[in-house]
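# Structure assessment
Here's the letter readout for the chains.
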Amino acid sequence: MTPKIKPLVAGNWKMNGLHASLHELEAMTKGYNTELRGFLDMLVCVPATLIHSAAKRTSNTSVMIGGQDCHINASGAHTGDCSAEMIADCGANAVIVGHSERRTDHGESSTTVKAKAGAGLRVGLLTIVCIGETEAERKSGRTLEVLSEQLGQSMPDSATADTVAVAYEPVWAIGTGLTPAVEDVHEAHGFMRKQLTERFGNEGSRMRLLYGGSVKPENATELMAIENVDGALVGGASLKAADFLGICNAYRNIKNT
Ligand code: PGA
């Protein structure tokens, strides 16, 4: 946790969820409004097909709704893509860019991710830029080198603490139930903080650094208490309100210790 930074807990539903699943979002919103609002910001990044309905259902609350990707252009001949303008037009407040599943499945380079982040900022969306090493990169001792490269190349120059958050997601920890050791998260987040502060000054020192990869209610308190971890990006455990709220509750536990 970084003093004075309001944590952000973001759910990433990935390619999961139909309209029938929105009752989970309603339960999350209720739990957030009743008990958690003072401790953290909550964001749920739903599939593009649900953004409009999700935004409508949360419109009178402070729960934010986000997309999971956006095209770099505002419009054009790009079959199947959605622009940041379209996502914002549906009522989204945020967008994830550069998730490792996009980097792997769609061959997105850090240069592309930077352009996508720029598109998010162009329309005023809170933009979450994801980075993280693969298992092979960690095993060969290249983790910090990879983080430095991805961070340097994926972050738009106009990033500020209020408009961009960085998510550190070790690729090998996503959806596997594996998490890095506390010391490894501490090292990675401290390293990112240093790099961001060098590049963005005061803005970099206040930018939210999320940890992602197999965050669950059982490990959230330990992970979220680490210095420079200012929240979480949660995949599988964000699909059910009880799990997601359990993770958010970590911030009450931390506050009370
Ligand atoms: P996970 O996914 O929580 O299911 O590991 C995290 C993510 O990919 O954002």
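My aim in this report is to walk through the structure given alongside it, one point at a time. (Residues numbered from 1 in each chain as written. Predicted model: local features only at pLDDT ≥ 70, side-chain atom pairs only at ≥ 80, totals over all residues. Heavy atoms only, no water.)

## Here's the deal with the overall build of the chain
Secondary structure assignment for the chain yields twelve helices and eight strands. Against the compact-globule benchmark of 18 Å for 257 residues, the chain has a radius of gyration of 17 Å, which places it among compact chains. Taken along its principal axes, the extent of the C-alpha atoms in the chain is 50 × 45 × 35 Å. Here the chain, with 257 residues, has 51% of them falling under the buried criterion. Put simply, 72% of the contacts in the chain that link residues at least 6 apart link residues at least 24 apart. Carbon and sulfur atoms make up 52% of the accessible area of the chain, which totals about 11,200 Å². (Helix = DSSP H or I, 4+ residues; strand = E, 2+ residues; numbered from the N terminus. Rg over C-alpha atoms; globule rule 2.2 N^0.38 Å. Buried < 20%, exposed > 50% of the residue type's maximum accessible area, 1.4 Å probe, protein only. Contact = heavy atoms within 4.5 Å. Areas by Shrake-Rupley, 256 points an atom, 1.4 Å probe, with all protein chains shown as cover.)

## Concerning the site of the ligand
As a structural note, the neighbourhood of the ligand is formed by 13 residues, with Lys 14, His 99, Glu 169, Gly 175 and Ser 214 the closest of them. His 99 is positioned with one of its side-chain polar atoms (N or O) 2.6 Å from an oxygen atom of the ligand. Classifying every residue of the shell around the ligand by side-chain character gives four nonpolar, seven polar and two charged. (Near = heavy atom within 4 Å. Polar contact = N/O pair within 3.5 Å; in protein donor to acceptor, adjacent residues only side chain to side chain. Nonpolar A, V, L, I, M, F, W, Y, C, P; charged D, E, K, R; others polar.)

## Observations regarding the sheet that holds strand β3 (residues 64-67)
Spatially, eight strands are ordered β1-β2-β3-β4-β5-β6-β7-β8 in a closed barrel, and the strand pairing comes out parallel. If you compare each strand with its neighbour and ignore which way they point, the axes differ by 25° on average. As paired strands, strand β5 (residues 126-131) and strand β6 (residues 164-168) are joined by five bridges and run parallel to one another. Each bridged residue has a counterpart across the sheet, and for Ile 131 the counterpart in β6 is Tyr 168. Relative to strand β7 (residues 208-212), helix α8 (residues 182-200) is tilted by about 150°, and along the sheet it contacts β5, β6 and β7. (Pairing = 2+ DSSP bridges. Axes fitted to C-alpha atoms, helices over the stretch in contact; angles between N-to-C directions.)

## Re the pattern of salt bridges
Enumeration over the complete set of coordinates arrives at 20 salt bridges. A salt bridge links Lys 116 to Glu 108; the shortest N-O distance between them is 2.7 Å. With respect to burial, Lys 116 and Glu 108 carry one shared label: buried. Lys 194 is the partner of Glu 198 in a salt bridge, and the nearest nitrogen-oxygen pair spans 3.2 Å. Highlighted residues: Glu 198 and Lys 194, both in helix α8, separated by four residues, approximately one helical turn. The same class applies to Glu 198 as to Lys 194, namely exposed. Among the charged side chains, a salt-bridge network with shared partners connects Asp 69, Arg 102, Glu 108 and Lys 116. (Salt bridge = Lys/Arg side-chain N within 4 Å of Asp/Glu carboxyl O.)

## Structural notes on the environment of Leu 8
Topologically, Leu 8 is positioned in strand β1 (residues 8-12). Take Leu 8: its relative accessible area is 0%, and that puts it in the buried class. As a C-alpha pair, Leu 8 and Leu 209 span 201 residues in sequence and 8.8 Å in three-dimensional space. Excluding anything up to four places from it in sequence, Leu 8 contacts Asp 41, Leu 43, Met 64, Leu 126, Ile 128, Ala 165, Arg 208, Leu 210, Asp 230, Gly 231 and Ala 232.

## Some remarks on the pairing of strand β8 (residues 231-234)
Going residue by residue along β8, you find Gly 231 and Leu 233 tucked away on one face and Ala 232 and Val 234 tucked away on the opposite face as well. As defined by bridge partners, β1 adjoins β8 across four bridges and the pair is classed as parallel. Residue pairing for β8: Gly 11 is matched across the bridge by Val 234. Sheet topology places β7 next to β8; two bridges connect them, and they run parallel. Paired with Tyr 211 across the bridge in β8 is Ala 232. Handedness of the crossover joining β7 and β8 through helix α10 (residues 217-224): right-handed. (Right-handed = clockwise from strand over helix to strand, strands pointing away.)

## Brief notes about the pairing of β3
Along β3, one buried face is formed by Met 64 and Gly 66 and the opposite face, lined by Ile 65 and Gly 67, is buried too. Of the pairings in the sheet, the one linking strand β2 (residues 41-45) to β3 comprises three bridges and is parallel in character. Bridge pairing links Leu 43 to Met 64 in β3. As for the winding sense of the linkage, the β-α-β connection from β2 through helix α2 (residues 51-57) to β3 is right-handed.

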